[in-house]
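Commentary on secondary and tertiary structure
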Amino acid sequence: MARSKFKRIALKLLKWFGITIALILVVLSIVVIVNLNYDRPSLYVSKEYLQKEYAGTDTQVIAQNLVAQMSLDEKIAQMYGEPYGSGMAKLATNFLVKKRFAHIYVGENERLGIPPWVLSDGPRGARVLGEDVEGVTTFPVGMARGASWNTDLEYRINQVIASEMRANKVNYAATPCINLLRHPGWGRAQETYGEDPWLLGEFGVAAVKGLEKHNVMACPKHFALNSIENSRWVVDVEVDERTLREVYLPHFKKTVQEGKPASIMSAYNSVNGEFCGSNKELLTHILRDDWGFEGFVTTDWLMGVYDGVKGVQAGLDVEMPFQQVYTPEVIQEGLDNGEISKADIDKIVTRSLTTRLKYALVNDQVNYPTSDIGKPSSIALAREAAEESMVLLKNEGVLPFKKQGGKTIAVIGRLADLENTGDRGSSDSTPLYVETPFEGIKKQQEAQGNKVVLDDGSNLERAKELAQNADEVILVVGFTHEDEGEYIIFSREQMEEAAEAGKSLGKVTIGGDRKDLSLLEQDERLIKALHPMNDDLVVVYVGGSAIDMSAWEDDVPAILFSWYAGMEGGTALANILYGDANPSGKLPFSIAKEQKDYPPFTPYTKKFEYGYYHGYTLFDKKGTTPAYPFGYGLSYTDFAYDSLVVKTHELSTTEPLEVEVNVSNTGAVDGKEVVQLYVGFSNSAVDRPVKLLRGFKKVHLKAGETKKVMLDVPTKDLAWYNPDTKNWEVENMAYEVYVGSSSAEGDLLQSTFVVK
Ligand code: BGC
């Protein structure tokens, strides 16, 4: 009797358990289906609405009218991405099930006919993919493009990125990343363009203009001083005002003033005690009041702002991607306490709507069909960018390898046949395909009648034998997304603990900062084992920033920085190694002889001071010779500089400095040279860098050709920031001007000019 009762209860429990599981599965399936098949509303104001209501009206007036019709809740709904729970479910489901980044829609108001906007990351190609799109054109990373020193190329690249974003139903680009590389260990170095504010500013402007050409809202990021990755949510960066204005902000200022981006993304870290997302000094006083920025500011994604009231007070427009602190409760409380006013909210909503509507009302001239994604001209541009960005650091008569048949070519290394386009954080994009170094070389060289052999280098003896018997050895070393990149960790607490401990707590993560700048042990071992085996050997480095090569650089005859070279990197590499393309990249950062020569850096910290000197300004000031100077890179031809003429020897503060110089290609092949101009401040009454980059031009010269290159610098760009007067001041004094092929003293012609 007792037994059968027990059986009955057990059966009942089993039944309920089964039903519960079934219900959970049904609910989960519904969640998955709904989140994968989310609606894709139009990003444009419907034409009828436009014609009926506001045809031809200024967008600020339209925005004001719309805001006047909104309830407080509707206004707050303009101030964040999607609601936390549903937004997170959508993002997570798409990531987990489809490995794709979902469209997160911001600020739609159906009642008033306001379309949403939607973001895609995209420093190296569109990240958010539309329905049925398999992949996009993936370019070399930002640092590679910075090494091209070719801003026209950057402009064209960003046009492709923007048009592919449009084809993927996106109208807001979370790019360019223009944070300054103050130390090569920074995990996201690959996303930005280099160590120098001038170079960064020029690239920032080119990128923004390229994106906005296709009616995509550009969003330079991360504002500001975001150059440590593993502590990015918790680190407070301390900086004095002069350093801030002269070193860490000029590129943002130039990008804002000349590029006129629709938006800016605030950084996660805090600056001088206040998180960037609620930092009034940065978001209002500097960005808007001083620089005249008219667009809207969004936070970096998740935990970009902690205090909604402070955010409003600081001038933060949109919390991304989900509502965390811009909630009706927080805002209402701020209003009730008198900490913020209704006018503050109206200002924020009007500001972002005014900008957004400019884009949402445009009648595009182009359709942006998905069939245009990865069109031949875009792929060709990816290849051109990869070729122009590779930097030849050392070449003892090895490169280019001779073009002839009957050879055996050994391509060796873990990374030799790896699809490796960079980190897997937000700057990831899904390439249509990736040509690896081995594939590119094989395709090209087999057609020439050569045998191309691959070896991953895991067995040193086998690799040595192969290297010894080959005619040429191409040794591919460096990093992947596991070694550097965006730090993927979902717990702020863990980041805080590690920062407090000042060290990694061993939690599983990928990407992040590099503490040690050497190559991985296995790569160093491979280089040491293989270089004695063959004189025709090149070390090809794949990575996003400087490395310490001191353990092996003297032993190898040739070193090429190929970066994360994008989907066409393999072909570009083959073209460079075999002379179909002449290297013309120059380092966008300095490489120190010893790691201690860089400014201090730690990935795990809660407080960090950014000093005035870093990069070449630090090396110059201390008189330290770098291993490879900023702006350095070899070519297969030689360039000579002469006849530096300063056309404006004495100028007033309103005239630009004008110089010209003859640059000659004295070698036997055509090539491109990056002509660099630096201004020197040895007569300054205050402490200033020895010299600063103030201009550059990339020129193509046929073998034997000479060109006169003109460069000019507006006098305002000679100024220093006086924290006492809070003004930019141009000193009346004699300045040095240097023009040449790198920042090294020996590579520069010198003259002087006077500002009266
Ligand atoms: C990154 C941003 C990125 C955002 C959206 C953040 O983690 O720091 O650069 O735009 O995610 O993917």
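Computed from a predicted model, the values in this text were never measured in an experiment. (Residues numbered from 1 in each chain as written. Predicted model: local features only at pLDDT ≥ 70, side-chain atom pairs only at ≥ 80, totals over all residues. Heavy atoms only, no water.)

Here we look at the site of the ligand
Neighbouring the ligand are 14 residues, the closest being D121, R188, H222, D300 and E486. With respect to the ligand, the side chain of Y268 contributes an N or O atom lying 3.1 Å from an oxygen atom. Calculation on the ligand without its partners gives an accessible area of 310 Å², and the protein chains cover 94% of this total. For the ligand, the cavity whose grid points lie within 2 Å of the majority of its atoms is the largest pocket. Within the shell around the ligand, the residues separate by chemical class into five nonpolar, two polar and seven charged. (Near = heavy atom within 4 Å. Polar contact = N/O pair within 3.5 Å; in protein donor to acceptor, adjacent residues only side chain to side chain. Areas by Shrake-Rupley, 256 points an atom, 1.4 Å probe, with all protein chains shown as cover. 1 Å grid on protein atoms, 1.4 Å probe; cavity = no way out; pocket = protein on both sides within 12 Å on 5 of 7 lines; lining within 4 Å. Sits in = over half its atoms within 2 Å of the grid points. Nonpolar A, V, L, I, M, F, W, Y, C, P; charged D, E, K, R; others polar.)

Describing empty space enclosed by the protein
Any empty space left between atoms is shown by rolling a water-sized probe over those atoms. Applying the stated criterion across every chain, the model contains six cavities of 30 Å³ or more. Contributing to the lining of the largest cavity are 16 residues, with N420, P437, W563, A565 and G569 lying nearest its centre. For the lining of the largest cavity, the element with the most residues is helix α20 (residues 569-577), which contributes three residues. Split by residue class, the lining of the largest cavity holds nine nonpolar, six polar and one charged. (Points joined across faces, edges and corners; volume = space filled by probe spheres on them. Helix = DSSP H or I, 4+ residues; strand = E, 2+ residues; numbered from the N terminus.)

Examining the pairing of strand β14 (residues 451-455)
Regular strands place side chains that alternate from one sheet face to the opposite one. In the sheet, strand β13 (residues 408-412) pairs with β14 via five bridges, with the strands oriented parallel. Residue I409 lies in a different strand from β14, and its bridge partner there is V452. On the question of chirality, the crossover connecting β13 to the parallel β14 by way of helix α16 (residues 437-446) is right-handed. (Pairing = 2+ DSSP bridges. Right-handed = clockwise from strand over helix to strand, strands pointing away.)

Thoughts on a positive patch on the surface
Judged by side-chain charge, K5, R8, K12 and K15 come together as a positively charged surface patch. Mapping K12 onto the fold places it in helix α1 (residues 2-36). Among the residues examined, K12 registers a relative accessible area of 56% and is labelled exposed. (Patch = residues over 30% accessible without salt bridge, like charges linked within 9 Å, V, L, I, M, F, W, Y side chains within 5 Å. Salt bridge = Lys/Arg side-chain N within 4 Å of Asp/Glu carboxyl O. Lys, Arg positive; Asp, Glu negative; His and termini not counted. Charge placed at Lys NZ, Arg CZ, Asp CG, Glu CD. Buried < 20%, exposed > 50% of the residue type's maximum accessible area, 1.4 Å probe, protein only.)

A closer look at the domain arrangement of the chain
Each assigned domain of the chain is listed with its residue range as follows: domain 1 (22-137 + 155-181 + 192-371), domain 2 (386-622) and domain 3 (639-755). With centres defined by C-alpha atoms, the gap from domain 1 to domain 3 works out at 37 Å. Contacts between the two partners involve 10 residues from domain 1 and, on the opposite side, 13 residues from domain 3. Counting every contact that joins domain 1 to domain 3 gives one salt bridge. Contributing elements (two or more residues each) for the side of domain 1 that touches domain 3: α8 (197-212) and α9 (241-248). Of the residues that constitute the side of domain 1 that touches domain 3, the class distribution is three nonpolar, no polar and seven charged. (Domains from an automatic or database assignment. Contact = heavy atoms within 4.5 Å.)

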